Each structure stands twice: as C-alpha cells, then as structure tokens.
Amino acid sequence: MTSDVVTSRSELFGSLFVLLQHLSRRADRELADLGLTTRQWLLLAVLTTRFPEGSASLSEAAQVYGSSRQNVKQVASGLQRAGFVEMTVDPADARVTRITPTQRVAVFDTPAMAARTRRMLADAFAGLTDDETLALRDLVRSCLEGLREGVDGAPTRPTTEVTR
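As the structure is a prediction and not an experimental result, all values here were calculated from the model.

**Looking at the overall build of the chain**
Scanning the chain from N- to C-terminus turns up 6 helices and 3 strands. Beginning at the N terminus, the succession of helices and strands in the chain can be written as α-α-β-α-α-β-β-α-α. Sorting the 164 residues of the chain into buried and exposed places 27% on the buried side. Sequence-distant contacts in the chain: of pairs separated by 6 or more residues, those separated by 24 or more amount to 52%. Carbon and sulfur atoms form 56% of the exposed surface of the chain, whose accessible area is close to 10700 Å².

**Section: the pattern of salt bridges**
Across all of its chains, the model carries 8 salt bridges by this definition. Residues Glu30 and Arg116 are paired through a salt bridge, measuring 3.4 Å at the closest nitrogen-oxygen approach. Remark: Arg116 occurs in helix α5 (residues 111-124) and Glu30 occurs in helix α1 (residues 3-31); sequence separation between them is 86 residues. Where salt bridges share partners, they join Arg26, Glu30, Asp33, Arg116 and Asp123 into one cluster.

What counts, and where the lines are drawn
Residues numbered from 1 in each chain as written. Predicted model: local features only at pLDDT ≥ 70, side-chain atom pairs only at ≥ 80, totals over all residues. Heavy atoms only, no water. Helix = DSSP H or I, 4+ residues; strand = E, 2+ residues; numbered from the N terminus. Buried < 20%, exposed > 50% of the residue type's maximum accessible area, 1.4 Å probe, protein only. Contact = heavy atoms within 4.5 Å. Areas by Shrake-Rupley, 256 points an atom, 1.4 Å probe, with all protein chains shown as cover. Salt bridge = Lys/Arg side-chain N within 4 Å of Asp/Glu carboxyl O.

Take a look at the structure:
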C-alpha cells in the first residue's frame, strides 16, 4: 500500500465525517417543523423500509441502524413521545421490546413532504452528475459491506437502501 493510499484513506475518513455533519445539519433544518432530528428520521426510515411487516425488536433495529441497542432505545423513546412509534413488550418473549411505527409516519408520504425531500436531496448532491451519484451510491454500499462487524462484534447487514 502506497503512502498516497494511506493519505487518501485518512482524508476520505475525515471528509466523510464533515459530509455527515453538513447533511445532518441540512436534514435537521428540514425536519424541525416535525419536531424530529436526523437520527430520529433515520430510525423511522430503517423501521419502515427494512421492516415493512410492522415491527422490529430493539436489537434488530440497532443492527440495521448501525448503533447500540441502548442508543436505539433512546432515539425510539423520543419518537414515542412525539407519537411516531410505539414501543411494546413482545408477547412471545417479555425480554424483547418491539418498535412499531404509528400512522403519524404517513406525513412523509404526503405530496408536499415528497417534494421537500426531492428538493433537499437534489441540493445535497447538486455537485454530482447522475452517473457520479450512482457511482457514489455503489461505493458507499461497498464500504458498508466492508463494515460488517456490528457494535457488539456480531456480523450485521449493512444499512443500504434506507431512504424515506
């Protein structure tokens, strides 16, 4: 491995965090009128796109979300207070807490919200051509595949194709 590759990886690693900060700040502004944060929105996106059958356990959601069960529980608690999810004890196993989106998530399916989302995404990736956008998506998917080790050391499925 050349020093150029090491330097490029270091720069890329830092740049991805800076990109995340910019994207989070932008999305937080868009979500403010709903009383949501970007982290809450992401958990809702995970729940509705990766668990369309209804509900996920905290542990299942944490694996896809890319965080600890404890962190997901904290984010989900805020969503429950805002009426976007319900957290219940699994009737088959009292040790398991399930997170189920409520009808309130339908706000994301309204034409006005869909238009806002399209505008935000167009702005976020305005510096890329369509081909570059697709290539970046594929590169991010590959990177996530390489990060298969979960927070607890167990193999996980990467969080690809989680959009709202």
